[in-house]
Structure formats: C-alpha cells, structure tokens
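Report on the structure
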Amino acid sequence: AVGNNLQMDVCIEPNIDVEFNETQLQRICDNSLSNAIKYSYENTTIQIELKKSTQGIVLQFLNHGENIQHCDKLFERFYREDEARGGFGLGLNIIHEICTKNTVEIDVESNNHKTIFTYRFNKNKI
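Everything numeric in this text was worked out from a predicted model, so none of it was measured.

What follows deals with the pattern of salt bridges. Following the criterion strictly, the structure yields one salt bridge and no others. For Lys 51, the salt bridge identified is with Glu 49, shortest N-O distance 3.9 Å. By relative accessible area, which is 26% here, Lys 51 ends up partly exposed. Among the residues examined, Glu 49 registers a relative accessible area of 26% and is labelled partly exposed.

All chains considered together, the criterion is met by two aromatic pairs. Consider the rings of Phe 20 and Phe 121, whose centres lie 5.4 Å apart with planes at 80°: the pair is edge-to-face. Pair noted here: Phe 20 is in the loop between strand E1 (7-12) and helix H1 (22-38) and Phe 121 is in strand E5 (residues 114-122), with a separation of 101 residues, a long-range link. A relative accessible area of 17% means that Phe 20 is categorised as buried.

Bringing the pairing of strand E4 (residues 104-111) into the picture now. When E4 meets E5, the two strands line up antiparallel, connected through eight bridges. For Glu 105, the partnering residue across the bridge sits in E5 and is Arg 120.

Right, let's talk about the pairing of E5 for a bit. One ladder, built from nine bridges, connects strand E3 (residues 56-64) with E5; its direction is antiparallel. The residue of E5 that forms the bridge with Leu 62 is Ile 116. Between the antiparallel neighbours E4 and E5 lie two residues, among them Asn 112 with a positive phi of about 50°.

Turning our eyes to something else, we now look at unusual backbone geometry. With a phi angle near 55°, Asn 5 is a residue other than glycine that sits in the positive phi range. Here Asn 5 lies in the segment before E1. Given a relative accessible area of 41%, Asn 5 falls into the partly exposed group.

On the basis of which strands lie adjacent, the open sheet formed by five strands has the order E1-E2-E3-E5-E4 and mixed pairing. A single partner strand is all that each edge strand has here, and the edge strands are E1 and E4. On average, adjacent strands in this sheet sit at an angle of 10° to one another, irrespective of strand direction. On top of the sheet, H1 reaches E1, strand E2 (45-53), E3 and E5; it is set at about 20° to E3, its chief contact. Sheet strands in contact with helix H2 (residues 91-101) are E4 and E5, and its direction is about 140° off that of E4.

With that out of the way, let us pick up the environment of Asn 31. Locating Asn 31 in the fold gives a position in helix H1. Since its relative accessible area comes to 15%, Asn 31 is described here as buried. With 64 residues separating them along the chain, Asn 31 and Ile 95 place their C-alpha atoms 7.9 Å apart. In contact with Asn 31, not counting residues within four places along its chain, are Gly 91, Leu 92 and Ile 95.

How each quantity is defined
- Here, residues in each chain are numbered from 1, in the same order as that chain's written sequence.
- Local features in a predicted model are, by the rule used here, given only for residues with pLDDT of at least 70; side-chain atom pairs are given and counted only at 80 or more, and totals for whole chains, interfaces and linings are based on all residues.
- Note that the side-chain values use all heavy atoms of the structure and ignore hydrogens as well as water.
- By definition, a salt bridge exists where a carboxyl oxygen of Asp or Glu is found within 4 Å of a side-chain nitrogen of Lys or Arg.
- Partly exposed residues are those whose accessible area sits between 20% and 50% of the maximum for their type, while under 20% is buried and over 50% is exposed, using a 1.4 Å probe and protein chains only.
- Side-chain rings of Phe, Tyr and Trp, where Trp is taken by its six-membered ring, are said to pair if the distance between their centres is within 6.5 Å; with planes under 30 degrees apart they count as stacked, over 60 as edge-to-face, and otherwise as tilted.
- By the criteria applied, helices consist of DSSP H or I runs no shorter than four residues and strands consist of E runs no shorter than two, each listed in order from the N terminus.
- A pair of strands is labelled paired if DSSP reports no fewer than 2 bridges between them.
- Only C-alpha atoms enter the line fits that serve as axes; for helices the fit covers just the stretch in contact. Angles between N-to-C directions range over 0 to 180 degrees.
- In what follows, a contact means two residues having at least one pair of non-hydrogen atoms within 4.5 Å.

This is the structure we're talking about:
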C-alpha cells in the first residue's frame, strides 16, 4: 500500500458485535484488503466500512482500479482475473466457502473503475 501511495479511509460504527470464528473473520478481512491493495490504482484511497443495517452487519471494501470482467467467476477455485498479478486463485474461493457456511451474503460490484466487495452478516446469526 505504501509503495503505491494508497490511502486507507476506515469508517467503523461503534458498538458492533459479531459472533463469528475469529480465524475465519480474519481470512475474510485479510484477503479482501490484500486484494483491494493489489488491484488498486496508484495514488487512490481504499475505503473500508463496517456498519449496522436492518438486515444485520455490513462490511465493505471499496477500491479504485480496473473493472472486474467476470464477477460471476471470482469465487471459483483457481480462477484468476489477471494472471500477471500472481496468486493461486484460492483466496476468494476460501472466503466464499466461509461465507456460505456461515450464511454471510457476498455482493461484488465493479464498474467505472470502482470495485466494492460487500459482506452482509445475517442479523439472526449475530
């Protein structure tokens, strides 16, 4: 992040509690943030937001970079949108498995050089 002069804008609402496996939650956060860093344009800001909603808790990662061409394939094992960036294509598949197992909804939007990963933690599971 420092090498590409990326800034972080973090907005976390107070008093949010989520009952979740710590290691699995760390994987979701770590992989989402490292992907945002890896695929961001230089000199941009990555926005991270954790907030309450009527459905539960929402965690979002927003970065500015190339649009994702195949959002429908992102969570397939070994899929890599850009092979030049390295990696094995497993991180998002692992996140998808964790989220499916814990009924966390995932939404990915990518257009106008902006990508948003949204995780919705179900109110009934918090």
